[in-house]
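Reading the structure
Each chain, written out:
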Amino acid sequence: MYHRVIKRKWFALVAIALLVAAVALTGCRGTQGDAFSITGSNTVQPLSTLWAEAFMNQRPEVSIAVSGPGSGVGIAALIDSTTDIAQSSRLIKQSEIDQAKAKGVNPYEILVAADALAVVVHPSNPVTELTIAQLSAIYTGQITNWQEVGGENLPIVALSRDTNSGTHVFFKEVVVQMEGLPTHDKSLEYGPNVLFLPSTSAGIEETAKNPRAIFYAGLAYVTNQVETMAVKKTADDPAVLPSVETAVDLTYPLVRPLLYYTNGEPTGIIKDFIDYCLSPAGQAKVLDVGYVPVQ
Amino acid sequence: MGERVIEGGIFLASLLAIVVLLGIVALLLRQGLPIFSYTPPWAFMFGTRWYPVSEPPTFGITPFFVATLWVTAVATAVAVPVGVGCAAYLSEVARPAIRETVKPVIELLAGLPSVVMGFIGLLLLSPLIQSMFNLNTGLCGLAAGIMLSLMSLPIIVTVSEDALRAIPDEFRQAAYALGATKWEVVRHVSIPAALSGIAAAIMLGIGRAIGETMTVLMIAGGALAVPASPTEPMMPMTSAIASGIGNAVRGGLQYQALFAIGLLLFVMTLAVNLIADRVLERQKRKFAR
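So, how was this worked out
Residues numbered from 1 in each chain as written. Chains lettered and ligands numbered in written order. Predicted model: local features only at pLDDT ≥ 70, side-chain atom pairs only at ≥ 80, totals over all residues. Contact = placed C-beta atoms within 7 Å. Helix = DSSP H or I, 4+ residues; strand = E, 2+ residues; numbered from the N terminus. Nonpolar A, V, L, I, M, F, W, Y, C, P; charged D, E, K, R; others polar. pLDDT = per-residue confidence, 0-100. Buried ≥ 20, exposed ≤ 12 C-beta atoms within 10 Å, placed from the backbone. Pairing = 2+ DSSP bridges. Axes fitted to C-alpha atoms, helices over the stretch in contact; angles between N-to-C directions. Parallel < 35°, antiparallel > 145°, perpendicular 65-115°, else oblique. Left-handed = near helix turned anticlockwise from the far one by under 90°. Core = buried A, V, L, I, M, F, W, Y, C linked by C-beta atoms within 7 Å.

The interface of chain A with chain B comprises 32 residues on the first partner and 28 residues on the second. Of all the elements, helix α1 (residues 2–27) of chain A adds the most residues to the side of chain A that touches chain B, at five residues. Across the side of chain A that touches chain B, the residue classes break down as 18 nonpolar, seven polar and seven charged.

This is the structure:
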């Protein structure tokens, strides 16, 4: 018995040593070899995954790791040099560029696709269109009942992504703060009763179950379990449903860039990959996911 | 000779644990304390606005703190009666055959990954709670607390049952000899005698509930308002850290603020453990007399 306990302690020591070694090894992973990583936006992730798979089919010696915890996470990883490509659904902030420069990282921006941000509700919800000002009032907590926007007498449950998400930031600037409208107000914030969810699919799932819910998501995440809302820029503008066409001709107001950031201009295998993404074959994949090609 | 090598090994292992613990405390202090030069401690603790990515950012953690209290309170309120009752049944009433089957099954509950508990809460419990209480959303502190209670149940049952079984049988025999019924023996003899162990079990359960992250991240709702009741969506401290840390740049204000929340969580679990220690000590002294 005594003997067994000792053995276990030794085992634990060895295990810890191995763990430390493993962490140390992964820590110095860089761009060497034909492996690189893409991390960041949950929105861009389906597209990056598709591109990575197709590229790895063409070039079997390459291995690409894609993950999608959120745009802010990707940019933070680029600043900390723990990823090769940061995918983002929002522009990098000046403060982030400053932080990167201080660490010797030089963010280089590449526009890879565009996305229309859909506003979705439960299929039983009779409301079919909203203005940006109404959406702003819903998300700041001024409008709390569906009756106030022409629906049933039900409280509104506003769902949002958490602060890791580029969609969170884009929606805050363009919808909550109404950027580009005369009513633009930078002091507006998400109201205290907005639910912040860790992933886009969690929000879609809750919206599909909850007749009181409203949520926003990249077009690629919209399923037929939820109803997409037509959005009006102002009360006088026509109501437009999000689609590839209305995003290309910019009649849909909530269109945003999907971006890759690298440290300096990409070279070697990463340049090959990005060239593929921007090639006609790569841009055709953009349509498959439901986003808008930019080339 | 072999003895000395072994002793050295054990000494190193225990030293490692202490070094790691001190290292973590030092890290939390080093990364977390600088935030207080931006937001004074009282504004950080009692501020109700948390907007880390706004310009300028605001850091007030009252919503998270209150959410953690609610979720832990719900988890404790559900898990303690059920857990202690279950332990009393297993040790005092159940036939050995039943005990030998039920106890491993309960312990199996501890092996369920927290993300699975989150899924179950999301798919089964939250719609149920929403329709039962006619809520706006089933993603709320109550749902999270109930799932957490299931996760702390195995600890409470196992540790309480061990404590109950450790009571000398003479205690029970004496009570029966005085004409006590089974219920009276459990209520007035076994549970009071094992109270120190049961208290430790409860504290361990509370510690588990305070620190659990994945489940609450998935089903507590994540709203930033200070929750006035457990049926509101809320964001406990652990989810606040988990949902913000990926986005925070190392050394930035948000990063420091999240470490400060971690520091507070650490202090809270430390306090729970110290209180548990005190209770145990007092019980021991009482029975030593």
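More follows now that the structure is in view.
So, about the confidence of the model for chain A. Detailed reading of the predicted coordinates is not advisable wherever pLDDT is low. Summing up the model confidence of chain A, the mean pLDDT is 86 and the portion of residues at 70 or higher is 89%. In this model residues 1–6 of chain A is a low-confidence stretch, pLDDT under 50, and it forms three contacts with partners more than four residues away in sequence or in other chains.

Moving on, we come to helix α6 (residues 166–176) of chain A. Counted residue by residue, α6(A) has ten buried out of eleven residues, so it is predominantly covered. Note on α6(A): the residue one or two positions beyond its end, Met178(A), has a positive phi of about 55 degrees.

All names here are of chain A. Taking burial as the measure, the nine residues of strand β10 (residues 255–263) include seven buried ones, the bulk of the element. As paired strands, strand β3 (residues 85–88) and β10 are joined by four bridges and run antiparallel to one another. The partner of Ser 88 across the bridge, within β10, is Leu 259. Two strands pair when backbone bridges link them, and strand β4 (residues 107–121) and β10 are joined in this way by nine bridges, in the antiparallel orientation. When the bridges of β10 are listed, Ala 116 appears paired with Val 255.

All names here are of chain B. Direction vectors running N to C along helix α3 (residues 62–93) and helix α8 (residues 182–193) enclose 110 degrees, while the axes themselves pass 11 Å from each other. The angle between α3 and α8 falls in the class roughly perpendicular. Judged by the twist between their axes, the crossing of α3 over α8 is right-handed. Packed against α3, whose contacting residues are Ala 88, Glu 92 and Val 93, the element α8 presents Lys 182, Val 186, Ser 190 and Ile 191 at the interface. Residues that form the contact of α3 with α8 fall into these classes: four nonpolar, one polar and two charged.

Turning our eyes to something else, we now look at the nonpolar core. Residues and elements named next belong to chain B. Counting residues in hydrophobic clusters, the biggest one holds 147 residues, and the most contacted among them are Val 71, Ile 156 and Ala 220. Looking at this core element by element, the count peaks at 15 residues for helix α6 (residues 141–165). Filtering out sequence-adjacent residues up to four positions away, Ala 220 remains in contact with Ala 67, Val 71, Leu 139, Cys 140, Gly 141, Ala 144, Pro 233, Met 234, Met 235, Pro 236 and Ser 239.

All names here are of chain B. A residue-level look at chain B finds 97% of positions with pLDDT of 70 or above and a mean pLDDT of 89. Mean pLDDT per element in chain B: helix α12 (residues 253–288) is the minimum at 82, and α3 is the maximum at 94. Among the scores for the predicted complex, ipTM is 0.76 and pTM is 0.77.

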